[in-house]
There are 2 protein chains.
Amino acid sequence: MNMIDSVSAQEAYRDELVAAGLLIPTGVDGLYGRSGMFEEVVERFDALVTVWGGADGAEVMRFPPALNRKYFEESEYLKSFPHLAGTIHSFAGDERAHRSLLRRLEEGQDWTEDQVATDVVMTPAACYPVYPTVAARGPLPEEGRLIDVFSYCFRHEPSIDPARMQLFRMREYIRVGTPEQVMEFRETWLRRGREMMGSLGVPLDIDVANDPFFGRAGTMLSNNQRDQKLKFELLIPITSEEKPTACLSFNYHQDHFGHLWDIKTADGGVAHTACVGFGMERVALALFRHHGFDVARWPAPVRSVLWG
Amino acid sequence: MNMIDSVSAQEAYRDELVAAGLLIPTGVDGLYGRSGMFEEVVERFDALVTVWGGADGAEVMRFPPALNRKYFEESEYLKSFPHLAGTIHSFAGDERAHRSLLRRLEEGQDWTEDQVATDVVMTPAACYPVYPTVAARGPLPEEGRLIDVFSYCFRHEPSIDPARMQLFRMREYIRVGTPEQVMEFRETWLRRGREMMGSLGVPLDIDVANDPFFGRAGTMLSNNQRDQKLKFELLIPITSEEKPTACLSFNYHQDHFGHLWDIKTADGGVAHTACVGFGMERVALALFRHHGFDVARWPAPVRSVLWG
């Protein structure tokens, strides 16, 4: 399948989803409302993740879809992914400035130039608020920490691919501890992820992957990430067999966040971290692709896994 | 209670919530993570709203926490509330611009100036994406439409009052139809809202209210809104008896959105709209305030209403 075929397959699937009422267009590529049925699939999958991960006793934290800008600046996200980040800006003027804003808006000019950056930025990945939160609690206990998060995330990458949304939801488990604790967590979830998604009757593969680092220097970072097998993805074909979509990811950050946030293990070492992320919309889109748009007619074993 | 007492009561309650682990500070006023228990209360209240409203057969739509900027510009929100809006901006430069961004960041200079407005803005109220969506479907059916939404909303108003968050969740029912249909909907929910919140064992009052319109011209709009009784709020004391907190709101927009979006009733008239909004965090904060931080020890009737 060449690039054009791939793009037209994405557009065709998006159109089908819209026609079926599962996605609600908003006039912006990658920004969609969802129907009640779409949401129910997301909720049922979310509950399934809890079934597989719940016994581990993770601490539940739920953050809004934005971060403290100061923490974001310290996170080094801007080094690697400046093109994906979203900063939230606001009007800071008086009534005179307000009249000028409205005049520009009415005349079709750019009124956004005078907007001023606020203290918050869009959350780029659900785990970002967790590291400063864990750091603020002081050294880790012996057993390390395990956190459960779920958040809307923003990435500025408008696309007609329904599986590449600008705003999407990510559930994550995040492990913080010694290298051994963290590697064991990732191995466990690589196995669980395969079993869990297998129970949903979708074709899947797990492969080494890399993040979309920016620029030429980014190519080196990507290669390094692959060579060291720091990132794996669980891939499911949605609009292409050749380029299946990453629906889960398994990330080992080594001591990157431990260093950045000065998180220490019980014995004083720099903490290592890993996370497993579940792309909620992507999993729903994969299920609709493989089992059809009417959940009542999904295969009985899949319905039983999701609806019990 | 004077202003200083009121502010210190807000700060005291926020500190208590943080100490109890219900809110997780992020270093920004009005931006908090929530514990699993806080979230469970939000989820149970959300389910209670469905118990009261579910039989009406509303169409469920779930939008992400951002809007098409074009629709937002057309909504006239910037006329009334420019100070509360949040626009999402992104980096649009090349590798050279990226180096400059990183240099500024490192030197502690403002790196946000060159961020460029994207096509999306933060959702200011959960109902905003609904009007263009309904408009796109053409004239209303005889019975009008009833929509059920739930969304994170952003308002740029940093505050130490835990009940005034910058990012918070709002569930809404939105009625679109003839003036009679819409007024009947609002009357129904004024009654239901009082009964439903009464069943949660919190002191409450319903009163005429106004939105926080910007500037001197805004004062006139506020007065007009009050004179015409277009907005009611269900108030519950959280950190102040004298200034109770609006936890639900009941809004009649007359034909404002119908005109803006050209929504027509079945007989060709301009549609009227109304909505009832449930402030999810505020209701949770009111429940924690009046029943304590340990939900297991809440009064049995309240537990029974929420947990069945």
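Computed from a prediction, not measured in an experiment: that's the story for all the values here.

K.L.:
How do you make sense of the sheet that holds strand S6 (residues 116-122) of chain A when you look at a structure like this?
P.N.:
Sheet strands pair via backbone hydrogen bonds, and the direction of the pair is either parallel or antiparallel. An order of S4(A)-S6(A)-S5(A)-S5(B)-S6(B)-S4(B) is seen for the 6 strands of this open sheet, with the pairing classed as antiparallel. Of all the strands in the sheet, just strand S4 (66-68) of chain A together with strand S4 (66-68) of chain B have a single pairing partner and so form its edges. Pairs of neighbouring strands in the sheet enclose a mean axial angle of 50 degrees, with direction left out of account. Of the pairings in the sheet, the one linking strand S5 (residues 87-90) of chain A to strand S5 (residues 87-90) of chain B comprises 3 bridges and is antiparallel in character. Within S5(B), the position partnered with Ile88(A) by the bridge is Ile88(B).

K.L.:
In this structure, what is going on with the side chain of Ser80(B)? I would like to understand it.
P.N.:
Note that Ser80(B) resides in helix H4 (residues 77-80). When neighbours within four sequence positions are excluded, Ser80(B) is seen to be in contact with Pro212(B), Phe213(B) and Phe214(B).

K.L.:
Even after reading the chapter, I still don't get the packing of helix H2 (residues 36-53) of chain B against helix H11 (residues 300-307) of chain B, so can you show me in this structure?
P.N.:
Two quantities define a packed helix pair, namely the angle between the axes and the distance from one axis to the other. Residues and elements named next belong to chain B. Axis separation between H2 and H11 bottoms out at 8 Å; the angle between their running directions is 70 degrees. The orientation of H2 with respect to H11, classified from their angle, is roughly perpendicular. On H11, the residues that touch Glu40, Val41, Arg44, Phe45 and Leu48 of H2 are Val305, Leu306 and Trp307. Looking at the contact of H2 with H11 residue by residue, the class counts come to 6 nonpolar, no polar and 2 charged.

K.L.:
Honestly, the pattern of salt bridges in this entry has me stumped. Any pointers?
P.N.:
It is possible for side chains bearing opposite charge to pair when their charged atoms get close. Residue and element names in this part refer to chain A. Applying the stated rule across the entire model yields 38 salt bridges over all chains. A salt bridge links arginine 34 to glutamate 39; the nearest nitrogen and oxygen atoms lie 3.9 Å apart. Of the two residues, arginine 34 and glutamate 39, both sit in the buried class. Several salt bridges share partner residues, and in doing so they unite Arg34, Glu39, Arg169 and Glu281 into one network.

K.L.:
Which parts of the structure should I look at to understand a negative patch on the surface?
P.N.:
On the surface, a cluster of negative charge is made up of Glu40(A), Glu43(A), Glu40(B) and Glu43(B). Tracing the backbone shows Glu43(B) in helix H2. Judged by its relative accessible area of 52%, Glu43(B) falls in the exposed class.

K.L.:
Whenever I open this one, the relation of the copies chain B and chain A confuses me. Can you help?
P.N.:
One copy of the chain maps onto the other through a rotation about an axis followed by a shift along the same axis. Of the two same-sequence chains, chain B is brought onto chain A (RMSD 0.0 Å, axial shift 0.0 Å) by a rotation of 180 degrees. Between the two chains, the operation in question is that of a two-fold axis. No C-alpha of chain B lies nearer the rotation axis than that of Ile88(B), which sits 2.3 Å from it. Taken together, the interface assignments show that 100% of the residues at the interface of chain B recur at the interface of chain A, consistent with an identical surface on both copies.

K.L.:
I tried to follow the side chain of Arg14(A) on my own but got confused; where do I start?
P.N.:
All names here are of chain A. As for its placement among the helices and strands, arginine 14 is situated in helix H1 (residues 3-19). At a separation of 3.0 Å, a polar atom in the side chain of arginine 14 contacts the side chain of tyrosine 32. Among all residues touching arginine 14, those that are not within four sequence positions of it are Asp29, Tyr32, Ser159, Ile160 and Pro162.

K.L.:
How do you make sense of the domain arrangement of chain A when you look at a structure like this?
P.N.:
Buried accessible area, meaning the area lost when the parts come together, often serves as the stated size of an interface. All names here are of chain A. Taken domain by domain, chain A holds domain 1 (3-86 + 124-307) and domain 2 (88-121). For domain 1 versus domain 2, the distance between C-alpha centres works out to 34 Å. At the interface, 7 residues of domain 1 touch 6 residues of domain 2. A buried area of about 530 Å², summed over both sides, lies between domain 1 and domain 2, and 56% of it is on carbon and sulfur atoms.

K.L.:
Is there a simple way to explain the packing of helix H2 (residues 36-53) of chain A against helix H10 (residues 280-291) of chain A in this structure?
P.N.:
Residue and element names in this part refer to chain A. At a minimum axis distance of 9 Å, the contact between H2 and H10 shows a crossing angle of 110 degrees. By the angle class used here, H2 and H10 are roughly perpendicular. At the point where H2 passes H10, the crossing takes the right-handed sense. Here Met37, Phe38, Val41, Val42, Phe45 and Asp46 of H2 come into contact with H10, specifically with Met280, Glu281, Val283, Ala284, Leu285, Leu287 and Phe288.

K.L.:
Any chance you could explain the environment of Leu23(B) here in plain terms?
P.N.:
All names here are of chain B. Locating leucine 23 in the fold gives a position in strand S1 (residues 23-25). The class for leucine 23 is buried, based on a relative accessible area of 1%. Residues leucine 23 and glycine 36 lie 13 residues apart in sequence; the distance between their C-alpha atoms is 9.9 Å.

K.L.:
Explain the confidence of the model for chain A to me, please; I cannot follow it from the model alone.
P.N.:
Parts of the model with low pLDDT should not have their predicted coordinates read in detail. When pLDDT is averaged along chain A, the result is 96, and 99% of the positions lie at 70 or above. Taken over the whole predicted complex, pTM reads 0.97, whereas the ipTM for its chain interfaces reads 0.96.

K.L.:
Can you walk me through unusual backbone geometry in this structure?
P.N.:
Note: most residues except glycine have negative phi, and most peptide bonds are trans. Residues and elements named next belong to chain A. A positive phi angle, near 50 degrees, is found at lysine 229, a position not held by glycine. Despite not being glycine, aspartate 262 has its phi angle at roughly 55 degrees, a positive value. Following the sequence through the fold, aspartate 262 ends up in the loop between helix H9 (256-261) and strand S12 (272-279). Classification of aspartate 262 by relative accessible area gives exposed; the value is 51%.

K.L.:
Just to check I follow, could you spell out the sheet that holds strand S3 (residues 59-62) of chain B for this structure?
P.N.:
The 9 strands are arranged S1(A)-S2(A)-S3(B)-S7(B)-S8(B)-S12(B)-S11(B)-S10(B)-S9(B) in an open sheet whose pairing can be described as mixed. Every interior strand has two partners, whereas the edge strands, strand S1 (23-25) of chain A together with strand S9 (205-208) of chain B, have only one. Shown here is a sheet whose adjacent strand axes are inclined to one another by a mean of 25 degrees, direction ignored. Relative to strand S12 (residues 272-279) of chain B, strand S11 (residues 245-254) of chain B runs antiparallel, the two being bridged by 6 bridges. Within S12(B), the position partnered with Leu248(B) by the bridge is Phe278(B). Sheet strands in contact with H2(B) are strand S7 (145-154), strand S8 (167-177) and S12 of chain B, and its direction is about 10 degrees off that of S8(B).

Criteria and cut-off values
- Residues numbered from 1 in each chain as written.
- Chains lettered and ligands numbered in written order.
- Predicted model: local features only at pLDDT ≥ 70, side-chain atom pairs only at ≥ 80, totals over all residues.
- Heavy atoms only, no water.
- Pairing = 2+ DSSP bridges.
- Helix = DSSP H or I, 4+ residues; strand = E, 2+ residues; numbered from the N terminus.
- Axes fitted to C-alpha atoms, helices over the stretch in contact; angles between N-to-C directions.
- Contact = heavy atoms within 4.5 Å.
- Parallel < 35°, antiparallel > 145°, perpendicular 65-115°, else oblique.
- Nonpolar A, V, L, I, M, F, W, Y, C, P; charged D, E, K, R; others polar.
- Salt bridge = Lys/Arg side-chain N within 4 Å of Asp/Glu carboxyl O.
- Buried < 20%, exposed > 50% of the residue type's maximum accessible area, 1.4 Å probe, protein only.
- Patch = residues over 30% accessible without salt bridge, like charges linked within 9 Å, V, L, I, M, F, W, Y side chains within 5 Å.
- Areas by Shrake-Rupley, 256 points an atom, 1.4 Å probe, with all protein chains shown as cover.
- Lys, Arg positive; Asp, Glu negative; His and termini not counted.
- Charge placed at Lys NZ, Arg CZ, Asp CG, Glu CD.
- Least-squares fit on C-alpha atoms with pLDDT ≥ 70 in both.
- Polar contact = N/O pair within 3.5 Å; in protein donor to acceptor, adjacent residues only side chain to side chain.
- Domains from an automatic or database assignment.
- Buried area = accessible area lost by both parts, 1.4 Å probe.
- Left-handed = near helix turned anticlockwise from the far one by under 90°.
- pLDDT = per-residue confidence, 0-100.

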